[in-house]
Structures are given as C-alpha cells and as structure tokens.
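Here are the chains, one letter per residue:
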Amino acid sequence: MNQASLLAASLLAPAPKSAVQTAARRLAGRLGRLSRQRLETLIRLMGEDGRIGYLAAYDRLFPDHRRSKTDKQKADKAFSKFRHTLQKKAAEQEVGLELRVDSHRGADPTDRRLWFAAEDDAGERLAEYSRTATHAIADFPQEQRAAVQGAELTCLLVYAQRDRAQAQTLIQALAARLQAAGHNWDLKDYGYVPPGEIRDQARLGQQRSADLTLFLLSPELISDLRKDKGFRTDRPLIPLVLRRIEDAHLKGTILEGRTPFRDTEGKTWVQRSGSRKDDWAAQALAGILERLRPADPYEVLTSAHLRQPDDCLPEHYVDQILKGHADSTGREAMGLLNDWLADPQGNVFCAIFGELGMGKTTLCQRLTRDLLARRVEEPELPLPVYLDLRAVNGLDWDWSQGVPDLELMLDRILADAYNLPVDSPRPGVDDIRRLAQRLGGLVIFDGLDEVMNRLTPEHCRRFIAQLWSILPPAASRPDEGPRPPGVGRLVMTCRSHFFQTLQEQLDALSGRQRESVGRNRFWRCWIGSTTCASWAPAPTTCA
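The structure presented is a predicted model; accordingly, all values stated were derived computationally and were not measured.

A. Inspection of the overall build of the protein at higher detail. A count of helices and strands for the protein gives 18 helices and 16 strands. Taken across its 543 residues, the protein has 48% of its residues classed as buried. The long-range fraction of contacts in the protein, counting pairs at least 24 apart against all pairs at least 6 apart in sequence, stands at 74%.

B. Seen up close, the side chain of Lys277. For Lys277, the position within the fold is in helix 11 (residues 275-292). Buried charged residue Lys277 carries no salt bridge. Nearest counter-charge: Asp278, at 9.0 Å. Within the local environment of Lys277, its side chain forms a polar contact with the backbone oxygen of Trp269, the two atoms lying 2.8 Å apart. For Lys277, the side chain forms a polar contact with the main-chain oxygen of Arg272, separated by 3.0 Å. Not counting residues within four places of it along the chain, the set of residues in contact with Lys277 comprises Gln166, Trp269, Val270 and Arg272.

C. Region of interest: the environment of Lys277. Given a relative accessible area of 19%, Lys277 falls into the buried group. Between the C-alpha atom of Lys277 and that of Asp263, which follows or precedes it by 14 residues, the distance is 9.9 Å.

D. Representation of the confidence of the model for the protein. Residue-level pLDDT values for the protein average 76, and 74% of them are 70 or greater. Per-residue pLDDT stays below 50 along residues 138-151; that stretch engages in 20 contacts with residues further than four places along the chain or on separate chains. Confidence drops under a pLDDT of 50 for residues 509-523, and excluding neighbours within four residues, the segment shows 52 contacts in the predicted structure.

E. Molecular detail of the environment of Phe79. Residue position: Phe79 is located in helix 5 (residues 69-92). Taking the C-alpha atoms as reference points, Phe79 and Leu61, separated by 18 residues in sequence, lie 8.5 Å from one another. Once residues within four sequence positions are removed from consideration, Phe79 is found in contact with Tyr58, Leu61, Phe62, Leu99, Val101 and Leu114.

F. Examining helix 17 (residues 457-468) more closely. With 12 residues, helix 17 should cover 16 Å at 1.5 Å per step; its first-to-last C-alpha distance of 17 Å lies within 8% of that length. All of the buried residues along helix 17 are His459, Cys460, Phe463, Ile464, Leu467 and Trp468.

G. Summary view of the packing of helix 4 (residues 54-61) against helix 5. For the pair helix 4 and helix 5, interaxial distance at closest approach is 11 Å and the crossing angle is 95°. Considering their axes alone, helix 4 and helix 5 lie roughly perpendicular with respect to each other. Across the interface between the two elements, Tyr54, Tyr58 and Leu61 of helix 4 pack against Lys72, Ala75, Asp76 and Phe79 of helix 5. Its residues placed into classes, the contact of helix 4 with helix 5 shows 5 nonpolar, no polar and 2 charged.

H. Geometry of the packing of aromatic side chains. This structure, assessed with the given rule, holds 6 aromatic pairs. Considering the side-chain rings of Tyr54 and Tyr58, the 4.7 Å spacing of their centres and the 20° angle between planes classify their relative orientation as stacked. Taken together, the residues Tyr54 and Tyr58, both in helix 4 and 4 residues apart, mark about one turn of the helix. Among the aromatic side chains, those forming a connected cluster through ring pairs are Tyr54, Tyr58, Phe62 and Phe79.

I. Spotlight on helix 2 (residues 17-27). The set of residues buried in helix 2 consists of Ala19, Val20, Thr22, Ala23, Ala24 and Leu27. Contact partners of the buried residues in helix 2: helix 3 (33-45), helix 5, strand 3 (97-101) and strand 4 (113-119).

J. View of unusual backbone geometry. One non-glycine residue, Glu94, adopts positive backbone phi at about 55°. Locating Glu94 in the fold gives a position in the loop between helix 5 and strand 3.

K. Structural detail: the sheet that holds strand 8 (residues 237-241). Pairing is parallel in the open sheet, where 4 strands are placed in the order 6-5-7-8. The sheet is open, and its two borders are formed by strand 6 (186-189) and strand 8, each paired with just one other strand. Each adjacent strand pair in this sheet contributes to an overall mean axis angle of 25°, direction not counted. The pairing of strand 7 (residues 212-217) with strand 8 spans 5 bridges and is classified as parallel. Within strand 8, the residue paired with Leu217 across the bridge is Val241. Across the face of the sheet, helix 11 comes into contact with strand 7 and strand 8 while running at roughly 165° to strand 8.

L. Focus on the environment of Ser469. Turning to its location among the elements, Ser469 is positioned in the loop between helix 17 and strand 14 (489-494). Put simply, Ser469 and Arg433 are 36 residues apart on the chain and 9.3 Å apart in space, counted from C-alpha to C-alpha. Ignoring sequence-local partners within four residues, the contact set of Ser469 consists of Leu406, Arg433 and Gln437.

M. How the structure looks around the packing of helix 2 against helix 3. At their nearest, the axes of helix 2 and helix 3 sit 10 Å apart, and the two run at 170° to each other. It follows that helix 2 is roughly antiparallel to helix 3 by the angle criterion. Crossing of helix 2 over helix 3 shows left-handed handedness. Along the contact surface, helix 2 presents Lys17, Val20, Gln21 and Ala24, while helix 3 presents Leu39, Ile43 and Arg44. Each residue belonging to the contact of helix 2 with helix 3 can be placed in one class, and the counts come to 4 nonpolar, 1 polar and 2 charged.

N. How the structure looks around the side chain of Asp263. You can see Asp263 is positioned in the loop between strand 8 and helix 11. A polar contact of 3.0 Å, which involves the side chain of Asp263, links it to the backbone nitrogen of Glu265. Here Arg272 takes part through its side chain, which lies 2.7 Å from a polar atom of the side chain of Asp263. For Asp263, the contacting residues outside a window of four places in its chain are Arg272, Trp280 and Gln283.

O. Representation of the pattern of salt bridges. Applying the stated rule across the entire model yields 23 salt bridges. Asp431 serves as the salt-bridge partner of Arg434, at 3.4 Å between the closest nitrogen and oxygen. You can see Arg434 and its partner Asp431 sitting in helix 15 (residues 429-437), 3 residues apart, about one turn around the helix. Salt-bridge contacts for Arg461 lead to Glu458; the nearest nitrogen and oxygen are separated by 3.2 Å. Separated by 3 residues within a single helix, Arg461 and Glu458 lie in helix 17, roughly one turn from each other. Under the relative-accessibility criterion, Arg461 is labelled partly exposed at 23%. Of the residues examined, Glu458 reaches a relative accessible area of 36% and is grouped as partly exposed. What emerges from the salt-bridge pattern is a single network uniting Arg162, Asp163, Glu220 and Arg243.

What counts, and where the lines are drawn
Residues numbered from 1 in each chain as written. Predicted model: local features only at pLDDT ≥ 70, side-chain atom pairs only at ≥ 80, totals over all residues. Heavy atoms only, no water. Helix = DSSP H or I, 4+ residues; strand = E, 2+ residues; numbered from the N terminus. Buried < 20%, exposed > 50% of the residue type's maximum accessible area, 1.4 Å probe, protein only. Contact = heavy atoms within 4.5 Å. Lys, Arg positive; Asp, Glu negative; His and termini not counted. Salt bridge = Lys/Arg side-chain N within 4 Å of Asp/Glu carboxyl O. Polar contact = N/O pair within 3.5 Å; in protein donor to acceptor, adjacent residues only side chain to side chain. pLDDT = per-residue confidence, 0-100. Expected span 1.5 Å × (residues − 1). Axes fitted to C-alpha atoms, helices over the stretch in contact; angles between N-to-C directions. Parallel < 35°, antiparallel > 145°, perpendicular 65-115°, else oblique. Nonpolar A, V, L, I, M, F, W, Y, C, P; charged D, E, K, R; others polar. Phe/Tyr/Trp six-rings, centres within 6.5 Å; stacked < 30°, edge-to-face > 60°. Pairing = 2+ DSSP bridges. Left-handed = near helix turned anticlockwise from the far one by under 90°.

In structure tokens:
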C-alpha cells in the first residue's frame, strides 16, 4: 500500500467539507456534467457539522419534487441513481467518497439529514498544519537569506525609576555606538507601558519577546529584581553597573552568579564623565557583542559520524569561510538538506545547532514549505510536519517530577498551533507516528532549548529520549542493516550550548539501550551564516 492509501485508509462520516472537496477534485474529470453539478451543490449546502438538510438538498437538486407524488418519485429515482453513480466512479478511481442518508424514511423531511463519508486524509491535514505553522516564513530565498545574515535583536532595557536620567544617557550612548557599527537593534524600555495596556501583562510580553536583556544595576533595581523573576533565563541576561553596588547583593535575584560589567578600572557608569563615559560605553558594547557571538560563526552541515572535536580526522576538515550558494568545498544548506532527504541510504537524523538569531527556525520552516510545494509535482518526497516545541511549556505539568510522555507533548503542540478552518479536523498524534514510522515522512522538532532550559540534566536526557521515540526502534539499530522501508527522518534544532547534552544522550542510547541510536545514523548542522560544508569540528560549549 502506498503513502497516500495508508494515510487515507478510513472514511470519516460525516466528513468535513475540506475532505469532501479534496475527493471531489479527484473525481472532477470522471463525473458527467449533471453529476458534477449535483455534487458541487451538495457541498455548498454542507453545514459546519458536515450534515445537509434533506429537504434543502431536494429543493436545490429537484425543484419540482413538491408538485406531485409522481414528481417526488422521479426525484427519488434520480437521487438514488446519482448516489450509485458517485459511489461507482469513486470506487473505480480508488477515491473514498460516499453520500449517505439517514434511515428515518417516515420522518418529517425537514428533520432528515444527508452527509458524505470521505477519506480520512491525514496527509492533507498534516500538510495544511505545517503550512499554517510556517506561514510567517518569507516566500523568497533572497529574503530568507537576508533575515539569516542580518537578523535584528530585540533588546530589553531594565533600570530603576529613580535612575531614569542616568539610564537614559547610557542607553543613548549604547544606541549611538550600535548605529555607528551597523547594528539595527530594537531597544525597548522595560519601564514603558503603552496607554491602555495592563502593566503586568505588557511587561510579561516584553520579557518573552526579548532576545537579550540589559540590566542597568543600582541598589534600587536589585531590590526590584527580588520581586520580579519572570525574565527568560534561556536568553542572555547582561548586568551593567550603573551605580555602585555590592556583587554579593545579587544573590537571590535572576542575576545571581552573573558577573556585572564595570570598565577596565572597575568604575561604574555614573563614576565616569566626559570622554571617559564614551570609553565606558565602548567597553560595555564590546562585552555585550562578545557575549552574543556564537561559538562557531559559520553554518556547517556534517555528513560524518558525530564525535568529539579531537576525534576528527584531518582529511575531514574543509575551509569553513564559504561565500555564495556553493563552491568546491561547501554547499548551501537547503540544497544539502534536500540531497540528504533524497538519498534512500541517508542518515536517519539531523541535528541543527546555532546561537540566538542564527536562523535555525528559518531554515526548518523554509525546508518545510519547500517540500510541501515540491510534493505537488513530486509526491514521492517526504511529507514534513513542523513542530514548535515552545508550546510544550504551556503544559499543566510539574516538571520537577519528570518529563511528560510524547503523546501529551505532541497533543499540546498540535492544539496550540493549529489554525485551520473550522470545518477541517486537525491532525492527531497517531497521524504523526504513522508518518514517521511507516510512511517515510520528515518530523521536525524545532527549539529543544525552549524546553531544556528549565530542566535538570537528567530530565533533559529523558526529554530527548521521548522525542527520539517518534521513530520505531528499528530505525536506530546500527547493527541490523539498512533502515527499514517506510521509516522516516528526524530533525531537531537547539542552541549550541546544549550540544554536549544531546551528544551524551545519543551516546547513552547507543550504549545502554537495545533501541540504540548509532553514531553513524545522524548528521549535525551548525548555523551561523547561509553556507555549509561537508565537515567541520564542533565546539562543545558556546561563547
């Protein structure tokens, strides 16, 4: 049985309008003009529950049916013939579509109902889900490349209200230097709440949307931070000393353990004046940019075994500084990913690493939409499903007790992100499992770090193991020959500093479990620009 028939092996009754429309399109060239018109009329009459009023259908299909008993009998005969023709043509074309009528023959016609039974087209649901989940991606590669190379950052600025005047002078100095250096950051004042907005909600939104947060420290701000602990710890939190503080006073705040910035002579912002303030701001910005610089500033895709950096053979190294779409030693990421998917012997897994703003999500969403578009002419390509792991944080779950099972996490992701019309059913967890285990699909888990930043190391390992379980055990046994037919591929994206956690988990699965994940079964991507090479050493920590 092929991919399409496996995904559409059962009938939904009543079927949603989208499923009936899909079946009708497949039959369009096989039905006569009158039958096609009748089918289109009935589809237009479908309600949100998928049902059609019996009397409304007869009124539209056979306007004379009320004139006499003879006319009603003629209408019944024509309706029965239409149902038979529809079922016969659908069977000939292997399209699951039937028109059904309730069994209440003696009931008032106004109370009777018709409905269609149509194929449960899980493949189309998954495709529509992925289209919806990636709708924000740029339509043109040129736009996407620019976004990867020059992604803006939203910088949240936090200071105490008493320090507003001094804080503004520092912010202006940093903004001027950013602009002079060609950086286009969106600087947001944490103290500003737009008129009409609820203060706590506005600040929560600022915390969640910020790519990094600068804290302009003073004793008053430290006092405020003891009450405000909602800032995201998976994004850079950088303290700059505005007024004199004791570092020990940061204990118990979100900044505990982080080294505050002072200039090379240990001075605070307010202790400097004139040109010395310019020097202070220049040093501060250099420190901020150094903190944001990824460990590996190039995007590198590997096709060799995952191994420690000092375990790489010299012949595996290539020049990492690549320009343009491709050259003799490197490949543009999309092309290399598509080649990987087209290779029937290709590795089962690709991990994509990179620092904030390096384009991991953009690359995955672009790959998803590219595959969906190409599948129209090349249905043999893997069907992708894009899953944003940020939604998992919305689970009502006590993470201190462990990790929820995969079904619960997937159900939350699907429920959180789904945005199809009301007459279209959303895909289910079983649809994704079947896609990954029997239909050769591509499952993309984007943003492991969005969940792992709140977990202990042991829970991180269990979380990764849960995601791995979307594939069948046979997919990860390196000693049992080629990957079985129908087994899909898996992509995970994560920020660079979780690389060691993922590698350790893969090693643990390989060494301790029967369902082992062999090192020869996966690739890794390092994101930082728009080119990639066949092999490069991978850092185990990030800057």
